[in-house]
Amino acid sequence: MDTAPLPDADSPAGKGKALVDDTAAAIRARILSGEIPIGAQLRQVELAELLGVSRTPVREALRQLQAGGLIEVLPNRGAVVRVPAPWEVREAYEIRAELEGLACVRAVHAVTPDVLRELREANETVRAVSSGVRDVSGGPAPGKGSSLATSPNASPSTSANDCFHTLIHTVAGNRRLARAIKDVNEAFPRNVSALVLQDNPRHREDNIREHERIVEALAAEDAERARSEMKAHVISAGEQLARWYEQRSATVFRG
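Numbering of residues starts from 1 in each chain and follows the order in which that chain's sequence is written. Whole-chain, interface and lining totals are the exception, using all residues; otherwise, since this is a predicted model, local features are given only for residues with pLDDT of at least 70 and side-chain atom pairs are given and counted only at 80 or more. Each side-chain value is derived from all of the structure's non-hydrogen atoms; neither hydrogens nor water enter the calculation.

Trainee: Would you take a moment to explain the packing of aromatic side chains for this structure?
Mentor: Working definition: an aromatic ring pair is given by the centre-to-centre distance plus the angle between the planes. Two aromatic rings from Phe, Tyr or Trp, using only the six-membered ring of Trp, form a pair when their centres are within 6.5 Å; if the ring planes differ by under 30 degrees the pair is stacked, by over 60 it is edge-to-face, and anything between is tilted. For the structure shown, the criterion picks out two aromatic pairs. Their ring planes at 90° and their centres at 5.4 Å tell us that tryptophan 244 and tyrosine 245 sit as a pair that is edge-to-face. In this scheme, a residue with accessible area under 20% of its type's maximum is buried, one over 50% is exposed, and one in between is partly exposed, where area comes from a 1.4 Å probe on protein chains only. The class for tryptophan 244 is buried, based on a relative accessible area of 9%.

See below:
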């Protein structure tokens, strides 16, 4: 079967595709961080000015994001950040639970005392931020190239929580697995997860304790317990996120 050759990176077509990809990535990052909130209209002129590009790459980038399900086009409103359906969240987190459970199994015999210390520090940062302590010195930050690397605009709790999971993905040593987890996470705005924890003190404390049990299982080199604890943790987070969307009608987001 004949296939069309890919455009050379230095050709006009190749440079145009790279610009569209970069533009889509910039818009996606702003959506995932919450800088552009769910339900918000995405006006091409405003985005072009914000990103310093013409409307053409913005238009193509929006098509790319629409194909990926992050935005949708509504009558009389144009492109808006799509509000996920609760069933989509539950399905995605079911997949994520299996993937992150596998990451724990792969990581369990590779964790070092330094990694365990970093995991505990990340969890303590989540606890401190949740308790109202905004500046936690010495707290870890997501590493470069991590599967859950956060936006500079991410909340402290989101950054610390993502760092916890990222450390495990990194130690697992499987780039395809990390990329698959990243793809699942990028289906939904990341800032909403922080709002869920912020709005529900009981769930916030449960989240911290679940992290502690995961670290204990990794420290004990108990692969099946680590897998089980991580799967339960992710399913619980997905259920809380799905309920958050269920409790808010479409009018909250769309007016």
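Trainee: Is there a simple way to think about the packing of helix H8 (residues 190-199) against helix H10 (residues 223-246) in this case?
Mentor: Each pair of packed helices can be summarised by the angle the axes make with each other and by the distance between the axes. Angular values range over 0 to 180 degrees, each being the angle between N-to-C directions of two axes fitted as lines to C-alpha atoms, with helices fitted over their stretch in contact. Numbering goes from the N terminus for both helices and strands, where a helix is a DSSP run of H or I of at least four residues and a strand is a run of E of at least two. At a closest axis distance of 10 Å, the pairing of H8 and H10 adopts a crossing angle of 90°. The angle between H8 and H10 places the two elements in the roughly perpendicular class. Two secondary-structure elements touch here, H8 through Val192, Ser193, Leu195, Val196 and Asp199 and H10 through Gln240, Leu241, Trp244 and Tyr245. Working definition: roughly parallel below 35 degrees, roughly antiparallel above 145 degrees, roughly perpendicular at 65 to 115 degrees, and oblique for all remaining angles. Between two residues, a contact is recorded if the distance between any of their heavy atoms is within 4.5 Å.

Trainee: Sorry if this is basic, but what is going on with the pairing of strand E2 (residues 78-81) here?
Mentor: A pair of strands is considered paired only if DSSP assigns at least 2 bridges between the two. As paired strands, strand E1 (residues 71-74) and E2 are joined by four bridges and run antiparallel to one another. By the bridge assignment, valine 73 is partnered in E2 with alanine 79. Between E1 and the antiparallel strand that follows it, E2, lie three residues; asparagine 76 among them carries a positive phi value of about 65°.

Trainee: How should unusual backbone geometry be read in this particular structure?
Mentor: Among all residues save glycine, negative phi is the norm, and among peptide bonds the norm is trans. Located in the positive-phi region is asparagine 76, a residue other than glycine, with phi close to 65°. Tracing the backbone through its elements, the reader meets asparagine 76 in the loop between E1 and E2. Its relative accessible area of 86% is what places asparagine 76 among the exposed residues. Even without being glycine, glutamate 221 reaches a positive phi, approximately 55°. By the secondary structure assignment, glutamate 221 is in the loop between helix H9 (201-219) and H10. Residue glutamate 221 is classed as partly exposed on the basis of its relative accessible area of 47%.

Trainee: In this structure, what is going on with the confidence of the model for the protein? I would like to understand it.
Mentor: The predicted coordinates ought not to be read in detail in places where the model reports low pLDDT. Chain-level pLDDT for the protein is 84 on average; 81% of the residues reach the 70-or-more range. Between the elements of the protein, mean pLDDT differs from a low of 48, seen in helix H11 (residues 250-254), to a high of 97, seen in helix H4 (residues 86-107). Overall, residues 133-152 carries pLDDT values under 50, and its contacts beyond four positions in sequence, including any with other chains, amount to 36 contacts. Scored between 0 and 100, pLDDT is the confidence that the predictor attaches to each residue. Contacts for the low-pLDDT stretch residues 250-255, under 50 throughout, to residues beyond four places or in other chains number ten contacts.

Trainee: For this particular structure, what's the right way to read the packing of H8 against H9?
Mentor: Running from N to C, H8 and H9 point in directions that differ by 110°, and their axes come no closer than 5 Å. When the axes of H8 and H9 are compared, the pair comes out roughly perpendicular. In this structure, H8 uses Val196, Leu197, Gln198 and Asp199 to contact H9, whose residues at the interface are Pro201, His203, Arg204 and Asn207. Only Asp, Glu, Lys and Arg are considered charged, only Ala, Val, Leu, Ile, Met, Phe, Trp, Tyr, Cys and Pro nonpolar, and every remaining residue, Gly among them, polar. Tallied by class, residues from the contact of H8 with H9 come to three nonpolar, three polar and two charged.

Trainee: It is not clear to me how the environment of valine 108 should be interpreted in this structure. Could you clarify?
Mentor: Looking at the secondary structure, you find valine 108 in the loop between H4 and helix H5 (113-130). For valine 108, a relative accessible area of 0% corresponds to the buried category. Sequence spacing of valine 108 and leucine 218 is 110 residues, and the spatial spacing of their C-alpha atoms is 5.1 Å.

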